[in-house]
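Structural overview
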Amino acid sequence: MSHATISPLQYITTRPEEAEVTCRAGADWIQLRLKNRSYADWKAIALETLAVCRQYRAKLILNDNPLLAADIGADGVHLGQEDMPIPEARALLGDKFIIGGTANTLETILAHQRDGVNYVGLGPFRFTTTKAELSPILGLEGYRRILTALLHQQISLPIIAIGGITLADVPALLETGVYGVAVSSAITGAADPVAQTRLFLSQLTTSTSFFE
Ligand code: TZP
Ligand code: MG
């Protein structure tokens, strides 16, 4: 699978208004990450976010929910270990949808590769309050170890680092070989989210990963 559809910055949000701000700043990949909503509520928020993404030609992926992604015609899904198994999601969605899988270990990345994900969200990089029940923290050392192993196995699946990532972390993370980063609070909580999004985008495109 080509990396053409995978961008180096995935912005994770719960609100269409926040998606609009980052898309206006040039972000082109949004993950809508909602928890504990009824299908109807989730669908309403997802449709609003999809309208924003379509206006800015950004891709929208939904957390956890391949059925809703198919229902509204989103661009893909991000699936963790408790969600629909990736082969089942691929059978449901076909090849045109982006499917991302969560991983904390090399073994899980290799399983995701076999199952045909388009990218892996590897983390957490450091502690974050955005997600409950975090897997063990990887730190830069964890990324170095895992990305080196992938390089040796000549696996060029895009790896997106996630979890407590700030702008200052980007150069060192890219040096480990990750393809990009997924970020929520560093943008949502910034004094100027538009300026912060632009800084992430320029940092991600000027310091390039060797692992592409
Ligand atoms: N998965 C692992 S960490 C995380 C998710 C969804 C949260 C990312 O948000 P933040 O605010 O950038 O730590
Ligand atoms: Mg999930």
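Residues numbered from 1 in each chain as written. Chains lettered and ligands numbered in written order. Predicted model: local features only at pLDDT ≥ 70, side-chain atom pairs only at ≥ 80, totals over all residues. Heavy atoms only, no water.

Looking up the protein chain in an unreviewed UniProt entry gives the name Thiamine-phosphate synthase, with the organism given as Spirosoma fluviale. Within the UniProt record for the protein chain, the comment given under Function (unreviewed entry) is "Condenses 4-methyl-5-(beta-hydroxyethyl)thiazole monophosphate (THZ-P) and 2-methyl-4-amino-5-hydroxymethyl pyrimidine pyrophosphate (HMP-PP) to form thiamine monophosphate (TMP)." In the Pathway (unreviewed entry) part of its UniProt record, the protein chain is described as follows: "Cofactor biosynthesis; thiamine diphosphate biosynthesis; thiamine phosphate from 4-amino-2-methyl-5-diphosphomethylpyrimidine and 4-methyl-5-(2-phosphoethyl)-thiazole: step 1/1." (UniProt positions renumbered as here; feature names shortened; annotations may be inferred.)

A tally of helices and strands in the protein chain yields nine helices and eight strands. Taking 17 Å as the expected radius of gyration for a compact globule of 212 residues, we find that the protein chain reaches 16 Å, a close match to that expectation. On the principal axes, the C-alpha backbone points of the protein chain span a range of 45 × 40 × 30 Å. Looking at the protein chain residue by residue over its 212 residues, the buried ones come to 53%. Within the protein chain, residue pairs in contact and separated by at least 24 positions form 54% of the contacts whose partners lie at least 6 positions apart. For the protein chain, the exposed surface amounts to about 9,700 Å²; the carbon and sulfur share of it is 53%. Here the protein chain contributes 17 positively and 21 negatively charged side chains, and the mean placements of these two sets differ by 3 Å. (Helix = DSSP H or I, 4+ residues; strand = E, 2+ residues; numbered from the N terminus. Rg over C-alpha atoms; globule rule 2.2 N^0.38 Å. Buried < 20%, exposed > 50% of the residue type's maximum accessible area, 1.4 Å probe, protein only. Contact = heavy atoms within 4.5 Å. Areas by Shrake-Rupley, 256 points an atom, 1.4 Å probe, with all protein chains shown as cover. Lys, Arg positive; Asp, Glu negative; His and termini not counted. Charge placed at Lys NZ, Arg CZ, Asp CG, Glu CD.)

Inspection of the entire model under this criterion finds nine salt bridges. Across the pair Arg24 and Glu20 runs a salt bridge, and its minimum N-O distance is 3.1 Å. Residue Arg24 and its partner Glu20 are located together in helix H1 (residues 16-24), separated by four residues, close to a single helical turn. Glu20 sits in the partly exposed class, given a relative accessible area of 21%. The salt bridge involving Asp64 is made with Lys35; its shortest N-O contact spans 2.9 Å. Within this pair, whereas Asp64 is found in the loop between strand E3 (59-63) and helix H3 (66-72), its partner Lys35 is found in the loop between strand E2 (29-32) and helix H2 (39-55), the two being separated by 29 residues in sequence. Among the charged side chains, a salt-bridge network with shared partners connects Arg15, Glu17 and Glu18. (Salt bridge = Lys/Arg side-chain N within 4 Å of Asp/Glu carboxyl O.)

Another point: the coordination of the magnesium ion (ligand 2). In the first shell of the magnesium ion (ligand 2), the protein supplies Asp64 (OD) and Asp83 (OD), at 1.9 to 2.2 Å from the metal. Separated by 19 residues along the polypeptide, Asp64 in the loop between E3 and H3 and Asp83 in the loop between strand E4 (76-79) and helix H4 (86-93) bring together distant segments of the chain. (Donors = N, O, S within 2.8 Å, 3.2 Å for Na, K, Ca; no water.)

The next point concerns the UniProt feature "binding site: Mg(2+)" (unreviewed entry) in the protein chain. Per the UniProt record, the feature "binding site: Mg(2+)" (unreviewed entry) sits at Asp64 and Asp83. In sequence the annotated residues extend across 20 residues, while in space they remain close, none of their C-alpha pairs exceeding 5.7 Å. Discounting chain neighbours no more than four positions away, the residues touching Asp64 are Leu34, Lys35, Trp42, His78, Leu79 and Asp83. A polar contact is formed between the side chain of Asp64 and the side chain of Lys35, at a distance of 2.9 Å. Not counting residues within four places of it along the chain, the set of residues in contact with Asp83 comprises Asp64 and His78. Looking at Asp83, its side chain comes within polar contact range of the main-chain nitrogen of Gly80, at 2.6 Å. (Polar contact = N/O pair within 3.5 Å; in protein donor to acceptor, adjacent residues only side chain to side chain.)

Let us look at the site of ligand 1. For ligand 1, the full set of nearby residues is Arg33, Thr128, Thr130, Lys131, Ile162, Gly163, Gly164, Val183, Ser184 and Ser185. Here an oxygen atom of ligand 1 and a backbone polar atom of Gly164 are 2.7 Å apart. Considering ligand 1 on its own, with 380 Å² of exposed area, one finds that the protein chains cover 94% of that surface. In terms of residue class, the shell around ligand 1 is made up of two nonpolar, six polar and two charged. (Near = heavy atom within 4 Å. Nonpolar A, V, L, I, M, F, W, Y, C, P; charged D, E, K, R; others polar.)

Another aspect to go through is H1. Residues of H1 that are buried: Pro16, Glu18, Ala19, Thr22 and Cys23. Axial view of H1: buried residues confined to an arc of 155°, hence all on one face. Among the structural elements, strand E1 (9-13), E2, H2, helix H8 (185-188) and helix H9 (193-206) are those in contact with the buried residues of H1. Directly after H1, the chain includes Gly26, whose backbone phi takes a positive value near 115°. (Arc of directions from axis to C-beta.)

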